[in-house]
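# Understanding the architecture of this molecule
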Amino acid sequence: MDFSDLGKMKEMMGQAKLMQEQMEKKLAATVVEASSGGGVVTVRMNGKKEILRVKIEPTAMGSSASDLELLEDLIAAAVNEAGRRADEAMKSSVAGMMGGLGLPDLPGLG
């Protein structure tokens, strides 16, 4: 390996670090929303899978134990769907960024 190869490697590492920083910012700025129960429970999440907001319609508040169990199920369903949407948004962003590098397809990213 000669010095020109080392220079190229250093340049590639710098580009990779810059791409990682850009991805972190993009994930934080990406917001997805999902609901369950016909909109009774709505969850807003960023691309880092941090829950930003949970909204529960007042009609969801019942007085029986079965109402509480249903509400818990609706919350879990909305959180899981928001997580799937965040994953999809992330995969799309990564694919776009990686496409510009001319690298072969990597398993698990496409």
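Residues numbered from 1 in each chain as written. Predicted model: local features only at pLDDT ≥ 70, side-chain atom pairs only at ≥ 80, totals over all residues. Heavy atoms only, no water.

An unreviewed UniProt entry annotates the protein chain as Nucleoid-associated protein HDF12_002673 originating from Tunturiibacter lichenicola. The annotation that UniProt attaches to the protein chain under Sequence similarities (unreviewed entry) is "Belongs to the YbaB/EbfC family." (UniProt positions renumbered as here; feature names shortened; annotations may be inferred.)

## Looking at a nonpolar patch on the surface
Residues Ile 51, Val 54, Ile 56 and Met 61 make up a contiguous nonpolar surface patch of about 350 Å² in total accessible area. Assessed through its relative accessible area of 58%, Met 61 is described here as exposed. (Patch = residues over 30% accessible without salt bridge, like charges linked within 9 Å, V, L, I, M, F, W, Y side chains within 5 Å. Areas by Shrake-Rupley, 256 points an atom, 1.4 Å probe, with all protein chains shown as cover. Salt bridge = Lys/Arg side-chain N within 4 Å of Asp/Glu carboxyl O. Buried < 20%, exposed > 50% of the residue type's maximum accessible area, 1.4 Å probe, protein only.)

## Let's talk about the nonpolar core
Counting twelve residues, the largest nonpolar core is built from Val 32, Ala 34, Val 40, Val 41, Val 43, Met 45, Ala 60, Leu 71, Leu 74, Ala 78, Ala 82 and Ala 86. For this core, the elements supplying multiple residues, two or more each, are strand E1 (31-36), strand E2 (41-46) and helix H2 (65-99). Among the elements that make up this core, the one with the highest residue count is H2 (five residues). Beyond its immediate sequence surroundings of up to four residues, Val 32 is in contact with Val 43, Arg 44, Met 45, Ala 82, Arg 85 and Ala 86. (Core = buried A, V, L, I, M, F, W, Y, C linked by side-chain atoms within 4.5 Å. Helix = DSSP H or I, 4+ residues; strand = E, 2+ residues; numbered from the N terminus. Contact = heavy atoms within 4.5 Å.)

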